[in-house]
Amino acid sequence: MIYEIIDVPQTTKVMFRTSVDPGSYIPSHLHRAIEIIYLLEGTLDVTVENQTTHYSQGDCILINANIVHSTRCTSLNKAILLQIPIEFARLYLPNIQQLLFVLDKNPTDPIRQTKLEIFKNTLIQMQITNDIKPEGFLLRFNSLLFELLFQLLHNFSIKVFHSDSKQRTKDLERLNTILDYITQNYKHSISLDEIADIACLQTGYFCRFFKKNMGVTFLEYQNELRLSHIYQDIISTNDTIHDILERHGFVNYKLFRRMFFQHFNATPTQVRKDYRNH
């Protein structure tokens, strides 16, 4: 699901885990949750609205809800991953629609450095609690979660004003329908008329709508999604490249090689070899 549905436990109401990623490419997507990634080992490239940032061990990343982003991990990394559904956050931050959360990558101000270190330490304490699950786990975990929300509100938020939030909500619902359909049917060639009909839009308007919201054309997005599945199969199976491409509906081999090299700076064979040698 590229418009990601966050699967949260009923106890904590948030998704929290220690993630070990051997290698992945997640194309542009969005979800109704604030996403926080604290890199404990390795590196990660994150693209938010067409701007790519390289993160390494010790960096903390925050992606606001309903923001288009993609991630690329070309070697093993380990991270704390926290996703706070917007519906849950709104219970305690009723004006959350007017808040933008920002974590500086390398703050130079000593006060902001200290605040960021306290934020990271809270995530570590949540990880320890989640791993050990002591008696009274929920009391401890939730106290840390609310402390984190308090820090976000007071140390890392900026007030913004959205002039037409109703239209934005409508656009996001339409985008959700489009992305869900592509996710379910990406293996075959989806025509512009077909997807425009799913979106209940005229073809020309659909093209403009999709490019405006996703930053790429519909055809580019289809190929990006296929590429993400192909990359996963390259590092996790012994299947031939030809069979993998056919499985995921990427029929233009020349375009595939060009796209693959642009994303990973290597050929599929090199990526598979490097992954096996690690």
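See the structure printed just above.
Residues numbered from 1 in each chain as written. Predicted model: local features only at pLDDT ≥ 70, side-chain atom pairs only at ≥ 80, totals over all residues. Heavy atoms only, no water.

Peer 1: Account for the overall build of the protein, naming residues and giving values.
Peer 2: For the protein, the count of helices and strands is ten helices and eleven strands. If one aligns the C-alpha atoms of the protein with their principal axes, the spans along those axes are about 50 × 50 × 40 Å. When each of the 278 residues of the protein is scored for burial, the buried share is 46%. Restricting to contacts in the protein with at least 6 residues of sequence separation, those with at least 24 account for 72%. Counting only carbon and sulfur atoms, one obtains 51% of the accessible surface of the protein, whose full area is about 14,800 Å². Each charge class in the protein can be summarised by its mean position, and for the 29 positive and 29 negative side chains these summaries are 3 Å apart. (Helix = DSSP H or I, 4+ residues; strand = E, 2+ residues; numbered from the N terminus. Buried < 20%, exposed > 50% of the residue type's maximum accessible area, 1.4 Å probe, protein only. Contact = heavy atoms within 4.5 Å. Areas by Shrake-Rupley, 256 points an atom, 1.4 Å probe, with all protein chains shown as cover. Lys, Arg positive; Asp, Glu negative; His and termini not counted. Charge placed at Lys NZ, Arg CZ, Asp CG, Glu CD.)

Peer 1: I'd like to hear about the packing of helix α7 (residues 218-236) against helix α10 (residues 268-277), residue by residue, with values.
Peer 2: Taken N-terminus to C-terminus, the directions of α7 and α10 make an angle of 50 degrees; their axes are 8 Å apart at the nearest point. For the element pair α7 / α10, the angle class is oblique. Between α7 and α10 lies a crossing of right-handed hand. Residues Y231, D233, I234 and I235 of α7 pack against P268, V271, R272, Y275 and R276 of α10. (Axes fitted to C-alpha atoms, helices over the stretch in contact; angles between N-to-C directions. Parallel < 35°, antiparallel > 145°, perpendicular 65-115°, else oblique. Left-handed = near helix turned anticlockwise from the far one by under 90°.)

Peer 1: Outline the sheet that holds strand β7 (residues 60-63), listing residues and values.
Peer 2: If you walk across this open sheet you meet the four strands as β2-β9-β4-β7, and the pairing is antiparallel. Two strands lie at the open edges of the sheet, namely β2 (15-21) and β7, each paired on one side alone. For this sheet, the mean angle separating the axes of adjacent strands, direction not counted, is 20 degrees. Where strand β4 (residues 33-41) lies against β7, four bridges are found, and the strand directions are antiparallel. Opposite Y38, over in β7, you have C60 as the bridge partner. (Pairing = 2+ DSSP bridges.)

Peer 1: Give a description of the nonpolar core that names residues and reports values.
Peer 2: Counting residues in each nonpolar core, the largest one holds 32 residues, and the members touching the most others are I34, I36, L82, I84, F119, L123 and M126. Elements that contribute at least two residues to this core include exactly β4, β7, β9 (77-85), α1 (86-92), β10 (99-101), α2 (110-132) and α3 (137-155). Ranked by residue count, the leading element in this core is α3, at seven residues. Here I34 is in contact with L62, I63, A65, L82, Q83, I84, I86, A89, I96 and F101, once residues within four sequence places are set aside. The next biggest cluster of nonpolar side chains, apart from the first, holds 21 residues, and it includes L172, L201, F206 and L225. (Core = buried A, V, L, I, M, F, W, Y, C linked by side-chain atoms within 4.5 Å.)

Peer 1: Lay out the environment of I84 with the relevant residues and their values.
Peer 2: Inspection of the secondary structure puts I84 in strand β9. Here the alpha-carbon distance between I84 and H188, two residues 104 residues apart in the chain, equals 34 Å. Apart from residues lying up to four places away in sequence, I84 is in contact with V14, R32, A33, I34, A89, L145 and L149.

Peer 1: Give a detailed account of the packing of aromatic side chains, specifying residues and quantitative values.
Peer 2: Two measures describe an aromatic ring pair: the distance that separates the ring centres and the angle between the ring planes. Inspection of every chain in the model, using the stated rule, returns 17 aromatic pairs. Measuring from centroid to centroid gives 5.8 Å for F210 and F218, while their planes differ by 90 degrees, and the two rings are edge-to-face. Its relative accessible area of 0% is what places F210 among the buried residues. What makes F218 buried here is its relative accessible area of 6%. (Phe/Tyr/Trp six-rings, centres within 6.5 Å; stacked < 30°, edge-to-face > 60°.)

Peer 1: Provide a residue-level description of the pairing of strand β6 (residues 51-56), including the pertinent values.
Peer 2: Sheet topology note: the strand β5 (residues 43-48)/β6 ladder contains six bridges and is antiparallel. The residue of β6 that forms the bridge with L44 is Y55. Counted along the chain from β5 to the antiparallel partner β6, the turn is two residues long, and its residue E49 has a positive phi close to 50 degrees.

On their own, these measurements won't tell you what the molecule is for.
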